[in-house]
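So the chains spell out like this:
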Amino acid sequence: MTDIKSKQKQHYVPQFYLKNWIGRDGIWVNHKSEKNKPPYAKKSTKDVGEERYFYGSLIDDVVYDMLVYKYSERLKNNDKLLHSILSEFKKFQLIDDIAYKKKGIVFNDKHTINKLEQLYDVFKKNFLEDKYSNIENTLSKSINQFNELNSTLIETFIPNGTFESLLAFYCFQLHRTPKALATFQNTISSFSIIKNEIESELTNIQKKSLIQYILYIDSFLLAERLAKENYSIRIFKNRTKKRFITSDSPSVIIFKDNIFGFIPLTPKLLMQIEKGNTFNNVNPNRISIDYLFSSEKVSIINGIIHEQSDRYLYARSKNDFLAKKEK
């Protein structure tokens, strides 16, 4: 039961990221849809950017077969990344066969079977959460180091591996939020699978799980594609008195003037993904640095963040919410 309690609060916006917006009063939260509710401060990020068992899911034979079908062309081309991911998912499916369908179980001890079902219930709630936690642990060290080194406005430091970490972080934050899940769910009303000439529609939990795992896989694939297509990163250092805000959907898509999108890294640093620069001979890190001296531009950026957020906005100070300007 301890493991279940420890995984109840499942963050779709990482705490290591949100901590950059903790100020004297904590992190300020503004509920976007409740305009009459004033912003409020939370002392910690524990209850921010999370939902109870948000990543709870399953991979049974239906969900697994749907994933194999969706990515069949890449699997035929021996995509090593996809093979690695789906091999982990196959283990989940085999556990489902044993714990839920009781395949291979030759004993009939009700106590043991009940214990097995309880453990499987925990596993379903924690599997995807653990996957994202492992990714966060891998990326956070590099990103925190970069943010800390570049908190100064005088010099710029780009440690090796920063480009890959920042690009992956943007892609995962684009896909792992409630907004991303809801957008996908609203686009496709139902899924069905044909087995033995019989068509069956996926249940709600199968549909939700399938979408969650597609979003998880597509995060890897998008980061891989952006890197191959020669996208680069531009870091903007905010040298104004205004600060960037962020949200429960912090990765923003632009698709304008060779700009793919952006994400604020801290109240004073913003990362933009763009195409058209070649860094092979100048900067092998594929990261360039620029400066923002215009408060008006910071307000415009905050306005875009506000527009593309889902339900919540986050800021270092209550007054930062007043600095947004709709585009």
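Residues numbered from 1 in each chain as written. Predicted model: local features only at pLDDT ≥ 70, side-chain atom pairs only at ≥ 80, totals over all residues. Heavy atoms only, no water.

Draft legend 1. Spatial organisation of the packing of helix α5 (residues 80-99) against helix α9 (residues 204-228). Two numbers describe how α5 lies on α9: the axes approach to 11 Å, and their chain directions differ by 165 degrees. Comparing the axis directions of α5 and α9 gives the class roughly antiparallel. In the crossing of α5 with α9, the sense of the turn from one axis to the other is right-handed. Seen from α5, the contacting residues are L81, L82, I85, L86, F89 and F92; seen from α9, they are Y213, Y216, I217, F220, L221 and E224. Its residues placed into classes, the contact of α5 with α9 shows 11 nonpolar, no polar and one charged. (Axes fitted to C-alpha atoms, helices over the stretch in contact; angles between N-to-C directions. Helix = DSSP H or I, 4+ residues; strand = E, 2+ residues; numbered from the N terminus. Parallel < 35°, antiparallel > 145°, perpendicular 65-115°, else oblique. Left-handed = near helix turned anticlockwise from the far one by under 90°. Contact = heavy atoms within 4.5 Å. Nonpolar A, V, L, I, M, F, W, Y, C, P; charged D, E, K, R; others polar.)

Draft legend 2. Here's a closer look at the layout of surface pockets. Looking at the largest pocket, its volume works out to about 430 Å³. Lining the largest pocket are 18 residues; nearest its centre among them are I259, Q272, I300, I301 and I304. Among the elements that make up the lining of the largest pocket, the one with the highest residue count is helix α10 (residues 295-308) (four residues). Computed from the structure, the second largest pocket encloses a volume of approximately 300 Å³. What lines the second largest pocket is a set of 14 residues, among which L174, H175, A180, T183 and I253 lie closest to the centre. Counting only elements with at least two residues in the lining of the second largest pocket, the list comes to α7 (162-175), α8 (178-187) and α9. Ranked by the residues each element gives to the lining of the second largest pocket, the list is headed by α8, at five residues. In terms of residue class, the lining of the second largest pocket is built from five nonpolar, seven polar and two charged. (1 Å grid on protein atoms, 1.4 Å probe; cavity = no way out; pocket = protein on both sides within 12 Å on 5 of 7 lines; lining within 4 Å. Points joined across faces, edges and corners; volume = space filled by probe spheres on them.)

Everything listed is a geometric property; what it means functionally is a separate question.
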